[in-house]
Amino acid sequence: MTIIAERAARGEIEQELKRIIRGEVRFDDYSRHLYSTDASIYMMTPAGVVLPRDADDVAAAIETCAENGISVMPRGGGTSLSGQTVNTGVVIDFSKYMHRVLQLNVEDNQVHAQPGITIDELNRQLAPSGLYFTPDPSTSSRANIGGAMGNNSCGSHSIVYGKTVDQVQEMSVVLSDGSSAVFKPIRGDEIEQRMAATGLEGEIYRNISQIAARAASEAEARFPKLLRRVGGYNIDRTSKQAEIDLTQIMVGSEGTLAAVTDARLKLWPIPKSKGLAVLHFHTLRDAMEATVAILEHSPAAVEHIGELIISQARKSLGFSRNLGFMQGDPSDILVVEMNGENRSETEAKLLKIKSVSERSTAAYACAMLLEPGDQKQVWNMRQAGLGLMMNVEGDTKPMPFVEDTAVAPEQLPEYVERFDEIVRKHGTEAGYYGHASVGCMHIRPLVNLKLTTGIDRMYAIADEISDLVLEFKGSLSGEHGDGIVRGAWAEKMFGSELVQSFREVKGLFDPHGIMNPGKVFDTPDMRANLRYGNRYSVNHPSTKLDWSADGGFAAAVERCNGVGACRKVNAGAMCPSYMATREEEHSTRGRANALRAAMSGAMPISEIQSDRMHQVLDLCLECKSCKSECPSNVDMAKIKYEFLNLYYQNRSIPLRSRLIANIHKLSALAAGPQAHIANFVNRSAPARWLGEKMLGIDHRRKLPATVNRTFEQWFRKRSPNTTAARGDAVLFHDTFMNFNHPEAGIAAVKILEALGYRVRIADRVCCARPMISAGLLDDAAHNARTNVEALYPYVESGAKIIGCESSCILTLRDEYPDLLGNSDAKAKAVAEASLMIEELLVQTRDDGYQQLQWNEQQADIMLHVHCHERALVGTSAAIQALNLPPNFNAVLIDAGCCGMAGSFGFAKEHYDISLKIAEDRLFPALRAASHDTRFAITGVSCKQQIEDGMQRPASFVSELIAQGLQ
């Protein structure tokens, strides 16, 4: 078919689908490229995307595609590692609309849910019942239960609960002809009724038992006798004596047989008490041998984390500050979970594990963790293992093509040694981690798939590893399914007879071969359809920022490996626009995919500066959460700055952008004696109406009020503290401190002087944050250079630069080296000397110098930390600082971005989504607070959003702490 004919055919099916489907239908090039990848090494561009609202939409889509001979691929989070969620047909994405819990039956330990809900979100909603859905793959924050059923997912606790196939009790499906059916265990007369039915469902029931019976002896001989065998079809579990249960063959079929529209799932009681023992080792073999000894004591989980993940976690902005459980310099650790009826029982079990580790293993240390927060840090690192490994610099990466093998746990020591011998024989090394409790290791050899030699090396290693797995009577797929990368070895692993039985099952369910073809078996060559193949190349646009640490702008975009951590909901801060829209386009992954498509030639390079690309990046709030929460540290905020700079190279910069970029100068004109007049005019209804019409600033937002006496004026007229036991501290009086909220600066001076600092202010200009956010990088670099020259002499003399506004002080720390070059010694020195005031308070606590003295004031405080601080500093400094006064009780609000994000929430086109982001978790938490509770913030954007939305004041951290001083 010619390209023109192909487009015409796509256009016809698009129009037909739009006519009959209540949900959304997208066949544009951007949507197609956004869905062309998953977390695997593959890329296949679909014909289009359907986002169904209900089961009727799914049925209509599949029926229409079947009639037109177009394949269909059911998909959720797109987190699959084997290539099972990419294909060339129509993608049906369940995650945007079909993500509800339909019914919870506590008495029967059962939940009825739609396939698009994530595992973590399902369990969040189930938590009050004391029950949970047990499969817990590392991607549970964004993996849908539909995907768990498609892959037969397992997770860390399968040694206790089994696989997803053990939890599915009933499912509603749409068959390959668009007809609907309900699968569940049936017996006796019901079997006869189903067999007598007309249509595709009746045909399936009339023949499935015969296929299973013919395959029984071969399945018994070829299927590994392991818990972690998820490859092929579960033909051995489909038909038992006097019973047929088609849920069993549907689970693990990767969308190749039918599409699930809802399911009834078995639930288990949440353990009353959990604890972790983290065992430290100097070699991989020592860790594997220890696993066998630990398994004798009935652990709930035994997880292995290898050297590559540990080293990358130490380098990671987000994970390096949460490695307190690590002792010394281990090459490998084992995370052992023990459960009990209470804390005492759990602690006793952990002590037993510690004793065993000291007596019977080569572990040199054992950290026991009973606090949930401490345990969460360990699990976060384990769950991020895949993404952390992908942070290895350069094009040679640890790739997922043999990373899911499983053997009996007692064979692990010899198996991993043999595996490593094969890898090293081929001139490379591998990263190791996985579920040691069940012998399922995720081993990733480092290869460069942009080179022919790398592709050949991948294939050769996979060939030899498949032989090794057969020798050990193991499973090539222990958790992540077959897809393409393991489906390519189906005949080798299962034999031609059993694969022929798989074909018969496929033909029975899907006689026209439209359901996710080319997966599980009869796949394309594993070397075809690579995202990065030997023909991959990129155009490198001219850039302003320093990208040397990433290997260039393109390499920064390519950091995204598709694991989809940006698609989580109700957790963390990344990605606020995805949480609000549930749109792939508005995830960090979606933006990276679009940019990479333009730079690599999948779309025209001109798209890198197009209006459509601007739409893709428009809802990026530049919150920087991805810089720390993305395991691969994709810095989409920085990427967006560079994109906007490119975008405006051939366009006039909007007046709104220029005005906001120069907010410092405008505020200087409005502040002072004329402030009351300026505030009255700027905040009046006519001015707000005019601002909306002319500038696109939503009339529902009031512009920040300026003050009649600036902080700088107050500072220069005050009586300074002449004692300076600690020397000088430079208070960076940012735009908002100076012209809008001098109270934050006045409080900071009080704190700094009480600590024994001589407070200085520098002759600075705007920090350049508004310019950077607007993409005006030349202007931003000018301001950065001016400030660096003004601040460096203080830094050179040993002074710290202290700030109260996260977005400003952290611009000095994070962006100045990028703007001026990472080799600029002055910029680097200024960056290293810049601190939030709460960081300084924590650093100087009990350091032997002058300490703060507190009064008797009491306060209950709820703290919301600005996204930039959350990403670059963390939240612990601010919460520790607020709890320094002995009668303060400060708690951190479990919420992500406030939605304001500087000027983002002022824009008319962003106002509604800005509030929707705030309503995710922040506003509900604040509404639940008592009237006496104080609200604390670390950024002016958060202050405005909270005060606009809650009609209650929010104070900078410095203000509240100063109120607690004697």
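Look up a bit, the structure's there.
Notes on the structure in this doc start here. This structure is a prediction, so every number in the text was calculated from the model and none was measured. (Residues numbered from 1 in each chain as written. Predicted model: local features only at pLDDT ≥ 70, side-chain atom pairs only at ≥ 80, totals over all residues. Heavy atoms only, no water.)

## Overview of the sheet that holds strand E28 (residues 888-892)
Then, in step 1: Spatially, the four strands line up as an open sheet ordered E28-E27-E29-E30, and their pairing is parallel. With one partner strand each, in any of the chains shown, E28 and strand E30 (954-956) form the two edges of the open sheet. On average, adjacent strands in this sheet sit at an angle of 35 degrees to one another, irrespective of strand direction.
Then, in step 2: The pairing of strand E27 (residues 859-864) with strand E29 (residues 934-937) spans four bridges and is parallel. Within the sheet, the bridge partner assigned to Leu 863 lies in E29 and is Ala 936. (Pairing = 2+ DSSP bridges. Helix = DSSP H or I, 4+ residues; strand = E, 2+ residues; numbered from the N terminus. Axes fitted to C-alpha atoms, helices over the stretch in contact; angles between N-to-C directions.)

## Remarks on empty space enclosed by the protein
Then, in step 1: With the rule as written, the count across this model stands at eight cavities of 30 Å³ or more.
Then, in step 2: In this structure, the largest cavity spans a volume of roughly 560 Å³.
Then, in step 3: What lines the largest cavity is a set of 43 residues, among which Ser 80, Gly 146, Gly 147, Ala 148 and Asn 151 lie closest to the centre.
Then, in step 4: For the lining of the largest cavity, the secondary structure elements donating two or more residues are strand E3 (72-75), helix H5 (145-151), strand E13 (259-266) and strand E21 (430-435).
Then, in step 5: Here the lining of the largest cavity gets six residues from one element, more than from any other, and that element is H5.
Then, in step 6: Residues of the lining of the largest cavity, tallied by class, amount to 18 nonpolar, 21 polar and four charged.
Then, in step 7: As a volume, the second largest cavity reaches approximately 90 Å³.
Then, in step 8: Looking at the second largest cavity, it is lined by 14 residues, and the ones nearest its centre are Cys 575, Arg 591, Cys 620, Leu 621 and Cys 623. (1 Å grid on protein atoms, 1.4 Å probe; cavity = no way out; pocket = protein on both sides within 12 Å on 5 of 7 lines; lining within 4 Å. Points joined across faces, edges and corners; volume = space filled by probe spheres on them. Nonpolar A, V, L, I, M, F, W, Y, C, P; charged D, E, K, R; others polar.)

## Here's the deal with unusual backbone geometry
Then, in step 1: With an omega of -5 degrees, the peptide bond between Met 574 and Cys 575 qualifies as cis.
Then, in step 2: Mapped onto the secondary structure, Cys 575 falls in the loop between helix H19 (553-558) and helix H20 (576-581).
Then, in step 3: In this structure, Glu 254 is a non-glycine residue whose phi angle is positive, near 55 degrees.
Then, in step 4: Looking at the element boundaries, Glu 254 is found in the loop between helix H9 (247-250) and E13.
Then, in step 5: Look at Glu 254 and you get buried, because its relative accessible area is 4%.
Then, in step 6: We note that Ala 901 has phi near 50 degrees; this positive angle belongs to a residue other than glycine.
Then, in step 7: Relative to the helices and strands, Ala 901 is located in the loop between E28 and helix H40 (911-918). (Buried < 20%, exposed > 50% of the residue type's maximum accessible area, 1.4 Å probe, protein only.)

## Overview of the nonpolar core
Then, in step 1: One finds Met 171, Phe 183, Ile 235, Leu 279 and Phe 401 to be the most contacted residues of the largest nonpolar core, which totals 106 residues.
Then, in step 2: The element best represented in this core is helix H8 (residues 199-222), accounting for eight residues.
Then, in step 3: When sequence neighbours within four positions are dropped, the list of residues in contact with Phe 401 reads Pro 445, Val 447, Met 458, Ile 461, Ala 462, Val 485, Arg 486 and Met 526.
Then, in step 4: Ranked by size, the runner-up nonpolar core spans 99 residues in total, among them Ala 774, Leu 926, Ala 929 and Ile 937. (Core = buried A, V, L, I, M, F, W, Y, C linked by side-chain atoms within 4.5 Å. Contact = heavy atoms within 4.5 Å.)

## Some remarks on the pairing of strand E5 (residues 101-105)
Then, in step 1: Two strands pair when backbone bridges link them, and E5 and strand E6 (residues 110-113) are joined in this way by four bridges, in the antiparallel orientation. Along E6, the bridge assignment pairs Gln 103 with His 112.
Then, in step 2: In this antiparallel pair of consecutive strands, E5 and E6, the connection spans four residues, and Asn 109 shows a positive phi of 50 degrees.

## With respect to the pattern of salt bridges
Two side chains carrying opposite charge are able to pair once their charged atoms lie near each other.
Then, in step 1: Following the criterion strictly, the structure yields 73 salt bridges and no others.
Then, in step 2: Two residues, Asp 728 and Arg 758, come together in a salt bridge whose shortest N-O distance is 2.6 Å. With Asp 728 in strand E23 (residues 727-731) and Arg 758 in strand E24 (residues 757-760), this pair connects stretches of sequence that are 30 residues apart.
Then, in step 3: What makes Arg 758 partly exposed here is its relative accessible area of 30%.
Then, in step 4: Note that Asp 824 and Arg 785 form a salt bridge whose closest N and O atoms lie 2.4 Å from each other. Of the two residues, Asp 824 is situated in the loop between helix H35 (816-820) and helix H36 (825-833) and Arg 785 in helix H33 (residues 777-796); the sequence distance between them amounts to 39 residues.
Then, in step 5: On the accessibility criterion, Arg 785 (28% relative accessible area) is partly exposed.
Then, in step 6: Each of Lys 624, Lys 627, Asp 635, Arg 769, Asp 814 and Glu 815 takes part in salt bridges that share partners, so that together they form one network. (Salt bridge = Lys/Arg side-chain N within 4 Å of Asp/Glu carboxyl O.)

## Digging into the sheet that holds strand E2 (residues 48-51)
Then, in step 1: One open sheet accounts for four strands, arranged E1-E2-E4-E3; its pairing is mixed. Only two strands of the sheet have a single neighbouring strand rather than two, namely strand E1 (24-26) and E3. Adjacent strand axes in the sheet meet at a mean angle of 20 degrees, parallel and antiparallel pairs treated alike.
Then, in step 2: By the bridge criterion, three bridges tie E2 to strand E4 (residues 90-93) in an arrangement that is parallel. Each bridged residue has a counterpart across the sheet, and for Val 49 the counterpart in E4 is Val 91.
Then, in step 3: Sitting on the sheet, helix H3 (residues 55-67) touches E2, E3 and E4, and the angle it makes with E4 is about 170 degrees.

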